[in-house]
Amino acid sequence: MSHQAPEGSSPAHLRAAGLIALFVGAAGSLGFFFHTGRHPPRIVIVGFVVWILSPFVVLGAAHLISKRWSNLTRRTLYIVMLIIALGTLAAYGDDAIGRRTAHAAFVYVMVAPVSWLLIAIALSIAAIISRRRSR
């Protein structure tokens with residue numbers, strides 16, 4: 001017998017894991033950025049901090065407005081939170097601790113737009129499927 005959450009709610013453990021991942025991912029991503037040891041001008045640092053945090057801010061905002069979303073879309077949001085957190089930590093960690101290449105800024109420039117694209121695709125697909133199921 002499998003335990004499933006009621007249709008109108010999201011499992012609390014998935015929501016909690018997503019929110020924890022959101023904060024750990026954001027903090028860890030910034031930690032890796034500052035760990036790289038590079039010392040660009042302050043305006044560049046501010047820009048990169050905003051850029052690095054932007055996917056986490058988008059996910060946090062999505063969480064705040066997700067109360068009216070379908071169960072499937074909210075579950076997808078929490079899963080995407082986990083994926084983005086793990087993915088950004090892996091990418092930034094690889095640069096900060098692993099391979100320090102001459103083109104390391106590329107990682108910090110590309111992770112945010114790739115994250116936004118993943119968020120948009122995953123949530124759009126979940127919303128479309130959810131609408132079709134409700135008809």
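Up top you'll find the structure we're talking about.
Residues numbered from 1 in each chain as written. Predicted model: local features only at pLDDT ≥ 70, side-chain atom pairs only at ≥ 80, totals over all residues. Heavy atoms only, no water.

Draft legend 1. The side chain of S29, seen in detail. Inspection of the secondary structure assignment puts S29 in helix α1 (residues 12-35). Once residues within four sequence positions are removed from consideration, S29 is found in contact with I52, F56, T88, L89 and Y92. (Helix = DSSP H or I, 4+ residues; strand = E, 2+ residues; numbered from the N terminus. Contact = heavy atoms within 4.5 Å.)

Draft legend 2. Main features of the nonpolar core. The biggest cluster of nonpolar side chains holds 17 residues, and the ones touching the most others in it are L59, L77 and M81. Contributions of two or more residues to this core are made by α1, α2 (42-65), α3 (71-98) and α4 (105-134). In terms of residue count, the dominant contributor to this core is α3 (6 residues). Leave out the neighbours within four places in its chain, and L59 touches L22, L77, V80, M81, I84 and I119. L30, F33, F48 and Y108 belong to the second largest nonpolar core, which has 9 residues in total. (Core = buried A, V, L, I, M, F, W, Y, C linked by side-chain atoms within 4.5 Å. Buried < 20%, exposed > 50% of the residue type's maximum accessible area, 1.4 Å probe, protein only.)

Draft legend 3. Quick look at the packing of α2 against α4. Here α2 crosses α4 at 15°, and the two axes come no closer than 9 Å. Here α2 lies roughly parallel to α4, going by the angle between them. For the element pair α2 and α4, the recorded crossing hand is left-handed. Every residue of α4 that contacts α2 at F48, W51, I52, S54, P55, V58 and L59 is listed here: Y108, V109, A112, P113, S115, W116 and I119. Taken together, the residues of the contact of α2 with α4 break down into 12 nonpolar, 2 polar and no charged. (Axes fitted to C-alpha atoms, helices over the stretch in contact; angles between N-to-C directions. Parallel < 35°, antiparallel > 145°, perpendicular 65-115°, else oblique. Left-handed = near helix turned anticlockwise from the far one by under 90°. Nonpolar A, V, L, I, M, F, W, Y, C, P; charged D, E, K, R; others polar.)

Draft legend 4. Just the packing of α1 against α2, in detail. Two elements in contact, α1 and α2, have axes separated by 10 Å at closest approach and are oriented at 175°. With respect to each other, α1 and α2 are oriented roughly antiparallel. Judged by residue contacts, R15, L19, L22, G25, A26, S29, L30, F33 and F34 of α1 engage I45, F48, V49, I52, L53, F56, L59, G60 and H63 from α2. Looking at the contact of α1 with α2 residue by residue, the classes come out as 13 nonpolar, 4 polar and 1 charged.

Draft legend 5. Broad picture of α4. Compared with an ideal rise of 1.5 Å per residue, which puts 30 residues at 44 Å, α4 spans 45 Å between its outermost C-alpha atoms and is within 8% of the ideal. Along α4, the sharpest change in direction is near 25° and occurs at V111; proline P113 comes one to four residues later. Among the residues of α4, Y108, V111, A112, S115, I119, A122, L123, A126 and S130 are the ones counted as buried. In this structure, the buried side of α4 is in contact with α1, α2 and α3. (Expected span 1.5 Å × (residues − 1). Bend = angle between axes of the 7 residues up to and from the residue.)

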